[in-house]
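# An overview of the molecular structure
The chain contents come next:
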Amino acid sequence: MTAAKSMPSALDFELVARCSTTKARAAILTLPHGPVQLPLFMPVATQASLKGLTPEQLEGTGCRLCLNNTYHLGLKPGQKTLEAVGGAHKLQGWKHNILTDSGGFQMVSLLKLANITEEGVRFLSPHDGTPMLLTPEHSIALQNTIGSDIIMQLDDVLVTTSPDTKRMREAMERSVRWLDRCIAAHKNPTTQNLFCIIQGGLDLEMREECCREMVARNTPGIAIGGLSGGEAKADYCRVVSTCTGLLPELKPRYVMGIGYPEDLVVSVALGADMFDCVWPTRTARFGDAITKYGVLKLRSASYCNDFGPVEEGCGCVCCRIGDGGLGVTRAFVHHLAAKETVGAHLLTIHNVWYQLALMRSVRQSIIEDRFPAFLKQFFADLHGGDK
Ligand code: GUN
Ligand code: ZN
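Summarised in this report is the structure supplied together with it. Please read these numbers as outputs of a predicted model, since none were measured by experiment. (Residues numbered from 1 in each chain as written. Chains lettered and ligands numbered in written order. Predicted model: local features only at pLDDT ≥ 70, side-chain atom pairs only at ≥ 80, totals over all residues. Heavy atoms only, no water.)

### Concerning helix α2 (residues 70–85)
The first and last C-alpha atoms of α2 sit only 16 Å apart over 16 residues, clearly below the 22 Å expected at 1.5 Å per residue. At G78, α2 shows its largest bend, some 80°. On the buried face of α2, the contacting elements are β5 (65–69), α3 (88–92), β6 (97–101), α4 (104–110), β8 (121–124) and α5 (136–146). Regarding α2, its N-cap is N69, as a side-chain oxygen of that residue lies 2.9 Å from the backbone nitrogen of Y71 further along. A positive backbone phi angle near 95° is found at G86, which sits one or two residues after α2. (Helix = DSSP H or I, 4+ residues; strand = E, 2+ residues; numbered from the N terminus. Expected span 1.5 Å × (residues − 1). Bend = angle between axes of the 7 residues up to and from the residue. Contact = heavy atoms within 4.5 Å. Polar contact = N/O pair within 3.5 Å; in protein donor to acceptor, adjacent residues only side chain to side chain.)

In structure tokens, the structure reads:
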């Protein structure tokens, strides 16, 4: 495989600190819509909205970079409307950064009928069943219209646990070929950053080969894909560590689809910087609050007379008392759960805040070179703490 011409970038990556005993790093990533502090969790606003929140409320959680999905926005409102409105920032009234996933992964995971060929991903429209084809060129054209600050290559994704080595190799090599097609199709390299996605399943040699090919293409940032599919933690760690060991120091590293607090902190220790996951927002809609002592199932009857905040000491607008805070109690969320959607909205705000605050604390501990002690305390609280 020969590397395509390398591209300009629309970001600045400044390494601020490095942990002396793990591979953790703290950095500032400056994107077209402002700087973000790494390590970073990015909440998922699939349909150009974080379910239940206004853009102002999302901003209030401290979020400055959220995810949208090319596949969903391409179907609705569609490219014409996106073009007419001037992109996804204008569509959703969001002044800050947006990252779009390329769409293929969503089709493969959502529509079991997706069929992958060298041309692209073939699928039946979920609206009317007409056959459609998402090619690397089409995904990039959509993302160029969306105007997201970070755009992702179309990749050929398999679940990591797939035992089919031959198909895994095909997917990995095809993802490299598709990256070249994405690079050639990308019209706005000075205003939108294209990230490659490393594939190769749990096979470390395949991952190494993929890293070498992808790194040679010199994209502004690099993602590690094909994980979060139910693989064993040890396998996950081996893959992330192998990849980060081969990636350039001065580029952001994004592990796709990762979002449990314990996975975030471990992945940072392995040298990863950016993460996204629907879990914190989805679990909020089930009445689950993320806290340092674990997840609280606030629908449980045991909370009906619990008048403490969702999480003691949390700085989110729900938990905070005074200073404009709402002083929401566990009993109130319990009361609202399943009956009133505002219960889900409040927990969504809390959970997103929790994830962002966790990453801020991780970052501060890296800067102060006490990240290993932070990790130890984090797991002590999570496993031994008092809810
Ligand atoms: N989201 C979670 N994993 C992946 C992946 O491997 N590829 C893409 N495009 N999106 C993802
Ligand atoms: Zn809170």
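Still to come is the rest of the account.
### A word on the sheet that holds strand β3 (residues 34–38)
Hydrogen bonding along the main chain pairs the strands of a sheet, whether they run parallel or antiparallel. Strand order in the open sheet made by the three strands is β1-β2-β3, with antiparallel pairing throughout. Of all strands in the sheet, those with a lone pairing partner are β1 (12–18) and β3, marking the two edges. Shown here is a sheet whose adjacent strand axes are inclined to one another by a mean of 15°, direction ignored. In the sheet, β1 pairs with strand β2 (residues 25–31) via six bridges, with the strands oriented antiparallel. Across the sheet, residue D12 finds its bridge partner in β2, namely T30. (Pairing = 2+ DSSP bridges. Axes fitted to C-alpha atoms, helices over the stretch in contact; angles between N-to-C directions.)

### Re the pattern of salt bridges
For the structure shown, the criterion picks out 23 salt bridges. Residues E249 and R25 are paired through a salt bridge, measuring 3.8 Å at the closest nitrogen-oxygen approach. With E249 in the loop between α8 (233–246) and β13 (253–255) and R25 in strand β2, this residue pair connects regions lying 224 residues apart in the sequence. Residue class for E249 comes out partly exposed when judged on its relative accessible area of 34%. Residue R25 is classed as buried on the basis of its relative accessible area, which comes to 1%. K292 is paired through a salt bridge with D381; the nearest N and O atoms lie 3.6 Å apart. With K292 in the loop between β15 (288–291) and β16 (294–297) and D381 in helix α13 (residues 371–384), the pair connects residues that are 89 residues apart, well separated along the chain. By relative accessible area, D381 is classed as buried at 13%. In this structure, a network of salt bridges that share partners links the residues E118, D156, R167, E170, R174 and R177. (Salt bridge = Lys/Arg side-chain N within 4 Å of Asp/Glu carboxyl O. Buried < 20%, exposed > 50% of the residue type's maximum accessible area, 1.4 Å probe, protein only.)

### Some details on the coordination of the zinc ion (ligand 2)
At the metal site, the zinc ion (ligand 2) is ligated by C314 (SG), C316 (SG), C319 (SG) and H350 (ND1), and these contacts range over 2.1 to 2.4 Å. Every donor counted, the four donor atoms about the zinc ion (ligand 2) form angles of 104 to 119° at the centre, which fits tetrahedral coordination. The motif formed by the donor residues of the zinc ion (ligand 2), counted along the single chain, is C-x1-C-x2-C-x30-H. Here C314 matches C316 in class, with each residue buried. (Donors = N, O, S within 2.8 Å, 3.2 Å for Na, K, Ca; no water. Tetrahedral: all angles 85-135°; square planar, octahedral: opposite > 155°, others 65-115°.)

### Things to note about the environment of L91
Position of L91 relative to the elements: it lies in helix α3. Given a relative accessible area of 34%, L91 falls into the partly exposed group. With 44 residues separating them along the chain, L91 and T135 place their C-alpha atoms 24 Å apart. Look past the residues within four positions of L91 in its chain and what remains in contact with it is A48, P77, L82 and V85.

### A word on the packing of helix α7 (residues 204–216) against α8
Look at α7 against α8: their axes get within 9 Å of each other, and the N-to-C directions meet at 35°. Note that α7 runs across α8; the crossing there is right-handed. On α8, the residues that touch L204, R207, E208, C211 and V215 of α7 are R238, V239, T242, C243 and L246. For the contact of α7 with α8, the residue count by class is six nonpolar, one polar and three charged. (Left-handed = near helix turned anticlockwise from the far one by under 90°. Nonpolar A, V, L, I, M, F, W, Y, C, P; charged D, E, K, R; others polar.)

### Let's talk about unusual backbone geometry
A cis amide bond links L38 with the next residue in sequence, P39, at an omega value of 0°. Examined against the element boundaries, P39 turns out to sit in the loop between β3 and β4 (40–42). With omega at 10°, the peptide bond leading from K76 into P77 counts as cis. Among the secondary structure elements, P77 is positioned in helix α2. For N218, which is not glycine, the phi dihedral falls at a positive 55°. Relative to the elements of secondary structure, N218 occurs in the loop between α7 and β12 (221–224). Relative accessible area serves as the criterion here: at 33%, N218 is assigned to the partly exposed category. Unusually for a residue other than glycine, D323 sits at a positive phi of about 50°.

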